[in-house]
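Each chain is listed here by its residues.
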Amino acid sequence: MKCSYRPLRDLESPSSAISSYKHVPLRLFLILTAMSCISVALNLATLYAWFYSTGPFHPLLPQALYSPAQNVVEYKTVKFHSGFGADLPVYDQPPSDEVDEAWQGLYQFAYSKIPRNQAIRLANKTYPILGDRPTTYMLALDVFHELHCLDEIRKAMYSDYYPPSPEGRNTNHMRHCLSSLRQSIMCTADISTIVWQWSEKSQAAKERSDILHTCRDFSKLQHWAKQNFAGEMQNMSIYIPDDLVIS
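Residues numbered from 1 in each chain as written. Predicted model: local features only at pLDDT ≥ 70, side-chain atom pairs only at ≥ 80, totals over all residues. Heavy atoms only, no water.

The UniProt entry for the protein chain carries the following text under Pathway (unreviewed entry): "Mycotoxin biosynthesis." (UniProt positions renumbered as here; feature names shortened; annotations may be inferred.)

Set out below in structure tokens:
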């Protein structure tokens, strides 16, 4: 038996193909198809709404808990410094007034204030700011706390330049800083790839830490902090009654 080729236009029409499924009426088939499409659309909309309400979705690092700075988060590619030889940014140089000023500039606007409608969305309740009407609330983005801790550890490395704090050097505060930095490093878990490359000078394969990273744009967060700066830390020994309830 020979099978002759038939162009596509000569095959069964869609209507005749559908009608061959006699056990599924055309109207029912269309209704089921429409319901399936609506279900998929609703599921996608629900998923999008959930991500939008908890933070800006990014394939690398979704923000699961609300932060008032989440809307300014942007990502960019940054090449790290190695910290060896001449590849030393100002932060890694020996202590000086210029180095101190650079470090302090990283977290000088750490103390922020936010309105009540943002404070109520936080995962944890925070304290009101004394004297503000309408009431505002205090917070600090953890990145600035981490930079402050790192600066304290840096100063401890240069005991001949920086006098010890009234607490001393091996203190609970210093252990707190080390613990905070360790947990933050584990939390963010940078998966950028350190590589090894052949060095003609050393005649060995050498680790390269001056590599490209996908980073949050720190300057955007600094700008947010500057816009929301609360000024000097208030007297924390004054009790302020407040009815803020975290939902």
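**Student:** Sorry, what's going on with the state of the cysteines here?
**Tutor:** Linking two cysteines covalently through their sulfur atoms gives a disulfide. In total, this model carries one disulfide according to the counting rule given. The disulfide that involves Cys149 links it to Cys177, with 2.4 Å between the sulfurs. Its S-S torsion of about -70° marks the bond between Cys149 and Cys177 as left-handed, since a negative value means left-handed. Pair noted here: Cys149 is in helix H5 (residues 142-157) and Cys177 is in helix H6 (residues 172-188), with a separation of 28 residues, a long-range link. On the accessibility criterion, Cys149 (0% relative accessible area) is buried. A relative accessible area of 1% places Cys177 in the buried class. (Disulfide = S-S within 2.5 Å. Helix = DSSP H or I, 4+ residues; strand = E, 2+ residues; numbered from the N terminus. Buried < 20%, exposed > 50% of the residue type's maximum accessible area, 1.4 Å probe, protein only.)

**Student:** Would you mind showing me how to read the packing of H5 against helix H7 (residues 218-227) here?
**Tutor:** For any two helices packed against each other, the geometry is given by the interaxial angle and the distance between the axes. At their nearest, the axes of H5 and H7 sit 11 Å apart, and the two run at 105° to each other. Here H5 lies roughly perpendicular to H7, going by the angle between them. Across the interface between the two elements, Val143, Phe144 and Leu147 from H5 touch Phe218, Leu221, Gln222 and Ala225 from H7. Partitioning the contact of H5 with H7 into residue classes produces six nonpolar, one polar and no charged. (Axes fitted to C-alpha atoms, helices over the stretch in contact; angles between N-to-C directions. Parallel < 35°, antiparallel > 145°, perpendicular 65-115°, else oblique. Contact = heavy atoms within 4.5 Å. Nonpolar A, V, L, I, M, F, W, Y, C, P; charged D, E, K, R; others polar.)

**Student:** Even after reading the chapter, I still don't get the nonpolar core, so can you show me in this structure?
**Tutor:** Formed by 21 residues in total, the largest nonpolar core has its most connected members in Ile114, Leu139, Leu141, Phe144 and Trp224. Only helix H3 (97-107), strand E3 (136-139), H5 and H7 provide two or more residues apiece to this core. Here this core takes five residues from H3, the largest share from any one element. Apart from the residues lying within four places of it in its own chain, the contact partners of Leu139 are Pro68, Ala110, Tyr111, Ser112, Ile114, Leu122 and Trp224. Counting five residues, the second largest nonpolar core, distinct from the first, contains Cys149, Ile153, Met174 and Cys177. (Core = buried A, V, L, I, M, F, W, Y, C linked by side-chain atoms within 4.5 Å.)

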